[in-house]
Amino acid sequence: MTFWGHLEELRKVILRILAAITLAMAFFFCFKDFVFGRIILAPLSEDFFLYRAAHIEVREISLINTELAAQFLVHVKISFYMSAVFCTPYILYQLWGFVRPALYTEERKAVRGAFATASLLFYAGAFTGYALVFPLTLMFLGTYHVSPDIPNMISLTSYIGMFIRLVLVMGVVFEMPALVTVLSRIGLVDRKMMKKYRKHAAVGLLFLSAVITPSGDAFTMVVVALPLYLLYELSILLCKK
């Protein structure tokens, strides 16, 4: 296939992905009450399952809106991101279909398994961000005061920005085992190498968690860094000897 032929195939892949995301986005946009009431704003409620399971004392946190168009724009933004998360398996399937013809047989075997598990890992990471990292961060930062005379007034856009970033970032970084598995099968890394650089990786993951956390505080950094390090240990187990 010529260079322009490859571009044409890529264009078709992108159009199919955009069509799927658009349809899903319209669906989520129509169910605003459920999306926001049962999912997005659920960590604000004391009935959130993490608080009940861990017996965490929940302090009331209220959101405010300070911009005229903010609530509509947040509605659109959340609809888009939820549709992108929902369509992740289809997106990966389309990308795999585009990349597969360019790979040799051994490379296909190495990458096929990673693509097959990538969706599960992404959803596991996104769920960890939603069910653990974001609620703990919210309860800590949302109720922290330097003085009782200074109440917290958290804007809707601030809440949504942290929500999206933590959930999506955790989904992406949970792809580490799949990436390491591919690199291991094509001979770029092995178990001995990853064990040798374990301490370096721990420092690097702390730095990465500091970069990806929106607030930059030590608490959120540690909450994010711990799952990352556990993923690194899992990646060692998945490596070929």
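The following paragraphs examine the structure supplied in this document. Counting restarts for each chain: residues are numbered from 1 in the order of the written sequence. Residues qualify for local features only when their pLDDT is at least 70, as the model is predicted, and side-chain atom pairs are given and counted only at 80 or more; totals for whole chains, interfaces and linings, by contrast, use all residues. Side-chain metrics rest on all non-hydrogen atoms present in the structure, leaving aside hydrogens and water.

What to know about the overall build of the chain
Phase 1: By definition, any uninterrupted DSSP run of H or I lasting at least four residues is a helix, any uninterrupted run of E lasting at least two residues is a strand, and each is numbered from the N terminus. Looking only at helices and strands, the chain features eleven helices and two strands.
Phase 2: Along the chain, from the amino end to the carboxyl end, the secondary structure elements read α-α-α-β-α-α-α-β-α-α-α-α-α.
Phase 3: When its C-alpha atoms are laid out on the principal axes, the chain stretches across 65 × 45 × 30 Å.
Phase 4: Here the chain holds 241 residues, and 39% of them are scored as buried.
Phase 5: Contacts were defined at the residue level, with two residues in contact if any of their heavy atoms lie within 4.5 Å. Contacts spanning at least 24 positions in sequence make up 80% of the contacts within the chain whose residues lie at least 6 apart.
Phase 6: Each accessible area value is a Shrake-Rupley result obtained with a 1.4 Å probe; residue values ignore everything except the protein chains displayed when judging cover. Accessible area of the chain: about 14,700 Å², with a carbon and sulfur share of 68%.
Phase 7: Positive: Lys, Arg. Negative: Asp, Glu. His and the chain ends are not part of the count. By convention, the charge on Lys lies at NZ, on Arg at CZ, on Asp at CG and on Glu at CD. Taking the average place of the 22 positive charges on the side chains of the chain and the average place of its 15 negative ones, the gap between the two points comes to 14 Å. Categorising residues by exposure relies on relative accessible area from a 1.4 Å probe, with only protein chains included: less than 20% of the type maximum marks a residue as buried, more than 50% marks it as exposed, and the intermediate range marks it as partly exposed.

Comments concerning the nonpolar core
Phase 1: Remark: nonpolar core denotes a set of buried residues (Ala, Val, Leu, Ile, Met, Phe, Trp, Tyr, Cys) joined through side-chain atoms within 4.5 Å. Grouped together as the largest cluster of nonpolar side chains are 53 residues, with contacts concentrated most on Ile 40, Ile 78, Leu 138 and Ile 160.
Phase 2: The element that contributes the greatest number of residues to this core is helix α7 (residues 156-173), accounting for eleven residues.
Phase 3: Beyond its immediate sequence surroundings of up to four residues, Ile 78 is in contact with Val 35, Phe 36, Ile 40, Ile 160 and Ile 164.
Phase 4: Trp 96, Val 111, Ala 114 and Val 182 belong to the second largest nonpolar core, which has six residues in total.

Focus: the pattern of salt bridges
Phase 1: Between Lys or Arg on one side and Asp or Glu on the other, a salt bridge is scored when a side-chain nitrogen of the former is within 4 Å of a carboxyl oxygen of the latter. A full pass over the atoms with the stated rule returns three salt bridges.
Phase 2: Residue Glu 9 is joined to Lys 12 by a salt bridge in which the shortest nitrogen-to-oxygen separation is 3.9 Å. Taken as a pair, Glu 9 and Lys 12 lie in helix α1 (residues 3-30) at a separation of three residues, close to a single helical turn.
Phase 3: Residue Glu 9 is classed as partly exposed on the basis of its relative accessible area of 30%.
Phase 4: The exposure class of Lys 12 is partly exposed, given its relative accessible area of 35%.
Phase 5: Between Arg 198 and Glu 233 there is a salt bridge whose closest N-O contact spans 2.8 Å. Here the residue Arg 198 occupies a position in helix α10 (residues 198-212), and Glu 233 occupies one in helix α11 (residues 218-238), the gap between them amounting to 35 residues.

A closer look at the packing of α1 against helix α4 (residues 70-86)
Phase 1: Put simply, α1 and α4 touch, their axes get as near as 8 Å, and they point 130 degrees apart. When the interaxial angle is binned, α1 and α4 end up oblique. Regarding α1 and α4, the two cross each other, and that crossing is right-handed. Counted together, Ile 21, Ala 24, Met 25, Phe 28 and Phe 29 of α1 and Phe 72, His 75, Val 76, Ser 79, Phe 80, Met 82, Ser 83 and Phe 86 of α4 form the full contact between these two elements. Working convention: axes come from line fits to C-alpha atoms, limited for helices to the stretch in contact. Angles between N-to-C directions cover 0 to 180 degrees. An angle below 35 degrees is read as roughly parallel, one above 145 as roughly antiparallel, one from 65 to 115 as roughly perpendicular, and any other as oblique. The sense of a crossing depends on the near helix, which, turned anticlockwise from the far helix by less than a right angle, makes the crossing left-handed and, turned clockwise, makes it right-handed.

Digging into helix α5 (residues 88-99)
Phase 1: If you check α5, its first and last C-alpha atoms are 16 Å apart, about what twelve residues at 1.5 Å a residue would give, namely 16 Å.
Phase 2: Where α5 is concerned, the buried positions are Thr 88, Ile 91, Leu 92, Gln 94 and Trp 96. What a helix should span is 1.5 Å times the count of its residues minus one.

Structural notes on α4
Phase 1: For α4, built from 17 residues, the straight-helix expectation of 24 Å at 1.5 Å per residue is met to within 8% by its first-to-last C-alpha distance of 24 Å.
Phase 2: Considered for burial, the residues of α4 that qualify are Ala 70, Val 74, His 75, Ile 78, Ser 79, Met 82, Ser 83 and Val 85.

Remarks on a nonpolar patch on the surface
Phase 1: Two joining distances apply to patches: 9 Å for like charges and 5 Å for nonpolar side chains (Val, Leu, Ile, Met, Phe, Trp, Tyr), and every residue must have over 30% relative accessible area and no salt bridge. Taken together, the side chains of Phe 140, Tyr 144, Val 146, Ile 150 and Phe 219 make up a nonpolar region of the molecular surface, amounting to roughly 500 Å² of accessible area.
Phase 2: Here Phe 219 is to be found in helix α11.

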